[in-house]
Amino acid sequence: MKKQILAFLLAVAMVLSLAACGNNDSSTETTAAADTTTTAADTTTEAESEETTTADEEINLRMAWWGSQTRHDITVEVIEMYEDLNPNVKIEYEFYSFDDYFTKLKTLVASDQVWDIFQLGGNFPMYQDKIFYLNDYIDSGIVDVAGISDSYLKITQDTEGNQLGLSNGLNTYGIAYDPAMFAEAGVAEPTETWTWDDYKNAAMTITEKLDIFGSSSFTTSDFIAGCSTYIGQYGDIGEYSFFNLDHTGMGFDDPAMLTPFIQMRADMINAGAYPDAGASTEITNIENDFLVTGEAAMTWVAANQFPTIYDICLAEDRTLKLAPLPRIKADGPSGAAIQSSQMLCVSQDSQSKEAAAAFISWFQNDPDCNSILQGERGIPVNNTVRDTLSASATPGQQVMYDFVNMVSGFEMPEKINVLSPDGQDLVQDNYLNYIQQVTFGEITAEEAAQKTYDDASSIF
Amino acid sequence: MKGAAIKNGRMRSLIYNDNTVGHIFALPFIFGFISFSLIPIVFSFYYSFTDYSLGTKTAEWIGFVNFVNIFKDEVFFKSLLKTLQYVVVSVPLKLSFSLMIAFLLTRKSKLVTLYRSLYYIPSLVGGSVAVALVWKQLFARRGLFNTVLDNIGLPTINWFGDQNLAIYPLILLSVWQFGSSMIIFAAGLKEIPTTYYEAAKIDGAKGYQSFFRITLPCLSPIIQYNLVMQTIAAFMSFTQALIITGGGPNNSTMLYGLYVYNQAFKYNNMGYASAMSWIMLIVMSLVTMVIFKSSKLWVFSESGD
């Protein structure tokens, strides 16, 4: 009989311990909150943003972003700084690589638990339901936009003028390269108006002479930076774009326009001048890109990534340079666009939207905060912050500022579309796969172009 | 008074009933099964007829559209074929390897337990992300294997760049996790009466003869069990493909589980992914059925006809 009672108790204990597992989260939160109270005691700094709420009310915010290790380190530093300034605010942060970030985000969207503050790029249309517009907070002054000019506010607005978030910075795509390797291979350095033929020839010669990749790969971003930019370089300025401006269909009608680009890529992969699929998977972030490891002479970058790799290479006595993307014709359109690198948004699921908005405002406008962030996410949109940072720029950052200035001097169409419609991920993966099929000789570049076009048009 | 006593007595016999105790013990499992398996299974069946997506969170009934689209999807066929290749190559390799090790470890030696534990370790860590990353590094262009090849003057192999080769490192990783089937084989080997071997020895049977005539037949029910379990596990492989190759090159390592994951979480087609899962269920049931049906031909049972 005793045995049976014992058995029953054990079973109950098991059920209870199972339930306890599920509750783990809340217990850690309580300890975390206790921590903040201790810090609260020795900080007396007043915080403007909390005037609307009770000063001692605990606010827990969740925040997430993607990026490189440098970004993780400085963002965590800034978050700790904000917690010191606002003792009642506790920010739980998570960071991921690009792909993992969006996988996680999708599951949170499904369970209505999106982080209070989250980072989004040009693919925001897919998540727009989850974005809480900042318009009201801008009107009430919780989000301070005094230092941000209208044109910079516009880059993170939708077509109806809703403020989706505040931009983390401006950027544009470019090709980073090592001039010493170009010299060693006897290849001329890129110019402002170099063409894809120049690019291909340079890469091929470098591979032949130095036995390294001519250019490193940009993995999935290749679709936007490469293939999509390429279409914009046809005809007159603004005549073509990959998707049309209002996201209702394609921005060009002849699939054959994609063929030369796909053919060039396949030729380069076959010649060993561009990483094949296997080598591409070895690149996990910009810090171990083949240009950085010395296995390639060029790589694709978003301008804001440049200072990071510049500094790493400088430590090895290599000085990198930054060139614009090649064009189809030297006197043709550049296809380039100055865009928002990413933005911070407030989520619809947030319990403390106001506190989240206040943090975003501080993040983009505060000089101390940005002196840590150093424009790593892109050139800051706040005028004062931008002027301060560019005045004290490191050599790598100076290259970035000069580069973005130069590209903004290029002739650009009045309206551009840099957004990714829902469904682009599949098009992108298939496109990269078709290129591999071309390299293995399974299909021709024409067929790959046709298939990519069909995939893309089937989104709509 | 009397009534209460009877009630009390019934209560006691209910609590002390073996069935009740059993169910209470099974409760944690039943709870887990219902909430983490049964409910998701029912939902996925429903979703496979809808266009459910994690992004929009709306599920509209679209009938068999998902299934029709799946049969038009070239990546689906490729991933199905590659998964079959993976299963057909990795499972027999893994079983023969684990049987070999188990056989070697039946010897009477004090260190046997230690060795068994050591050989079991890969099974504990093998499915993890960490080991997948190590594997990726080992077979990388400048990884350990290529460095060794290079040092002894052989040409290096671009494992993950060649669509015909890329799947073999994944197969090897699966073979390396032979521990659980090894333990089961070891237990099975112990069950074979030594008298059989002694009798065979007296009749002059050689080592390999007694292995093929005694060990294998006596072990065949265990082999069947391991075969079924490992086949099912191999069909569901996912981590290796996601971490090591991401499915490439040219989808040659796009294992079925990875493609389902991509459709569900990357391309936002949860309905499509659910439909794919049900197709996999049918394929797996067919394969398992074939193994069971064919077992009459090769599984030896002592009580049998």
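Residues numbered from 1 in each chain as written. Chains lettered and ligands numbered in written order. Predicted model: local features only at pLDDT ≥ 70, side-chain atom pairs only at ≥ 80, totals over all residues. Heavy atoms only, no water.

Q: Looking at this structure, how should I read the overall build of chain A?
A: Looking only at helices and strands, one finds 18 helices and 12 strands in chain A. Classification of the 460 residues of chain A by burial places 53% in the buried group. Approximately 19500 Å² of chain A is accessible, and the part contributed by carbon and sulfur atoms is 51%. (Helix = DSSP H or I, 4+ residues; strand = E, 2+ residues; numbered from the N terminus. Buried < 20%, exposed > 50% of the residue type's maximum accessible area, 1.4 Å probe, protein only. Areas by Shrake-Rupley, 256 points an atom, 1.4 Å probe, with all protein chains shown as cover.)

Q: Is there a simple way to explain the sheet that holds strand β10 (residues 321-324) of chain A in this structure?
A: Paired through their backbone hydrogen bonds, the strands of a sheet run either parallel or antiparallel. Residues and elements named next belong to chain A. Read from one edge to the other, the open sheet built from 4 strands follows the order β8-β9-β7-β10, with strand pairing classed as mixed. With one partner strand each, in any of the chains shown, β8 (213-215) and β10 form the two edges of the open sheet. On average, adjacent strands in this sheet sit at an angle of 30 degrees to one another, irrespective of strand direction. Examined bridge by bridge, β8 and strand β9 (residues 296-302) share 2 bridges and lie parallel to one another. Residue Phe-213 lies in a different strand from β9, and its bridge partner there is Ala-296. (Pairing = 2+ DSSP bridges. Axes fitted to C-alpha atoms, helices over the stretch in contact; angles between N-to-C directions.)

Q: Hey, could you run me through the domain arrangement of chain B in this one?
A: For interface size, the figure often reported is the accessible area lost on association. When the domains of chain B are assigned, the result is domain 1 (1-47) and domain 2 (67-298). Just the C-alpha atoms count here: the centres of domain 1 of chain B and domain 2 of chain B sit 37 Å apart. (Domains from an automatic or database assignment.)

Q: What exactly am I supposed to notice about the pairing of β9(A) here?
A: If a strand is regular, its side chains alternate between the two faces of the sheet. All names here are of chain A. Counting buried residues in β9 gives 7 out of 7 residues, a clear majority hidden from the surface. Note: strand β7 (residues 173-177) against β9, 5 bridges, orientation antiparallel. Bridge pairing links Ile-175 to Trp-300 in β9.

Q: When you look at the nonpolar core in this model, what are you seeing that I'm missing?
A: Membership of the largest hydrophobic core comes to 65 residues, with the highest contact counts inside it found for Phe76(B), Tyr86(B), Tyr256(B) and Met276(B). Those residues in contact with Phe76(B), other than ones at most four positions away along the chain, are Ile70(B), Phe71(B), Tyr256(B), Tyr259(B), Met276(B) and Ile279(B). If you look at the next biggest cluster of nonpolar residues, it comprises 56 residues, including Tyr82(A), Val292(A), Cys313(A) and Ile360(A). (Core = buried A, V, L, I, M, F, W, Y, C linked by side-chain atoms within 4.5 Å. Contact = heavy atoms within 4.5 Å.)

Q: Please clarify how the domain arrangement of chain A should be interpreted in this entry.
A: All names here are of chain A. Taken domain by domain, chain A comprises domain 1 (56-169 + 340-391) and domain 2 (173-336 + 401-457). Its C-alpha centre places domain 1 at a distance of 29 Å from the equivalent point of domain 2. On the domain 2 side, the residues contacting the 21 residues of domain 1 number 14 residues. Buried area between domain 1 and domain 2, both sides added, is near 1200 Å², and the carbon and sulfur share of it is 57%. When the buried surface of domain 1 facing domain 2 is broken down by residue, Gly-122, Met-126 and Ile-379 rank first, second and third, together holding 34% of it. If you look at where domain 1 meets domain 2, you find 1 salt bridge. For the salt bridge of Asp-425 with Lys-106, the shortest nitrogen-to-oxygen distance reads 3.5 Å. Per-element tally for the side of domain 1 that touches domain 2: the top contributor is helix α2 (residues 69-85), with 3 residues. (Buried area = accessible area lost by both parts, 1.4 Å probe. Salt bridge = Lys/Arg side-chain N within 4 Å of Asp/Glu carboxyl O.)

Q: Hey, could you run me through the interface of chain B and chain A in this one?
A: Taken together, the contact pairs 31 residues of chain B with 38 residues of chain A. Summing the contributions of chain B and of chain A, the shared interface buries around 3200 Å²; its carbon and sulfur component is 56%. Sorting the residues of chain B by area buried against chain A places Tyr16(B), Arg141(B) and Asn250(B) first, and these three jointly supply 19% of that buried surface. One can count 5 salt bridges joining chain B with chain A. Put simply, Lys451(A) and Glu74(B) hold a salt bridge, and the shortest N to O gap is 3.0 Å.

Q: Help me understand the pairing of strand β3 (residues 117-120) of chain A in this model?
A: Residues and elements named next belong to chain A. The two faces of β3 match: Ile-117 and Gln-119 on one face and Phe-118 and Leu-120 on the other face are all buried. In the sheet, β3 pairs with strand β12 (residues 343-347) via 4 bridges, with the strands oriented antiparallel. For Gln-119, the partnering residue across the bridge sits in β12 and is Leu-344.

Q: It is not clear to me how the pattern of salt bridges should be interpreted in this structure. Could you clarify?
A: Pairs can form between side chains of opposite charge once their charged atoms are near each other. Summed over all chains, the structure comprises 14 salt bridges over all chains. The salt bridge involving Lys200(A) is made with Asp267(A); its shortest N-O contact spans 3.1 Å. In this pair, Lys200(A) sits in helix α7 (residues 196-210) while Asp267(A) sits in helix α9 (residues 259-270), placing the two residues 67 residues apart along the sequence. Linking Arg318(A) and Glu316(A) is a salt bridge whose minimum nitrogen-to-oxygen distance equals 3.8 Å. Judged by its relative accessible area of 47%, Glu316(A) is partly exposed. Through salt bridges with shared partners, one network takes in Glu282(A), Glu295(A), Arg141(B) and Arg142(B).

Q: How do you make sense of the packing of aromatic side chains when you look at a structure like this?
A: Aromatic ring pairs: the centre-centre distance and the angle between the two ring planes describe each pair. Residue and element names in this part refer to chain A. Summed over all chains, the structure comprises 62 aromatic pairs over all chains. Arranged with centres 5.7 Å apart and planes meeting at 75 degrees, the rings of Phe-243 and Phe-460 form a pair that is edge-to-face. Pair noted here: Phe-243 is in the loop between α8 (222-232) and α9 and Phe-460 is in the segment after α18 (445-457), with a separation of 217 residues, a long-range link. Since its relative accessible area comes to 6%, Phe-243 is described here as buried. (Phe/Tyr/Trp six-rings, centres within 6.5 Å; stacked < 30°, edge-to-face > 60°.)

Q: Help me understand unusual backbone geometry in this model?
A: Generally, phi is negative for residues other than glycine and the peptide bonds are trans, each holding for most cases. Cis rather than trans, the peptide bond between Gly248(B) and Pro249(B) has omega equal to -10 degrees. Looking at the secondary structure, you find Pro249(B) in the loop between α12 (239-245) and α13 (256-266). Phi is positive for Asp112(A), close to 55 degrees, though the residue is something other than glycine. Examined against the element boundaries, Asp112(A) turns out to sit in the loop between α3 (98-110) and β3. Relative accessible area serves as the criterion here: at 40%, Asp112(A) is assigned to the partly exposed category.

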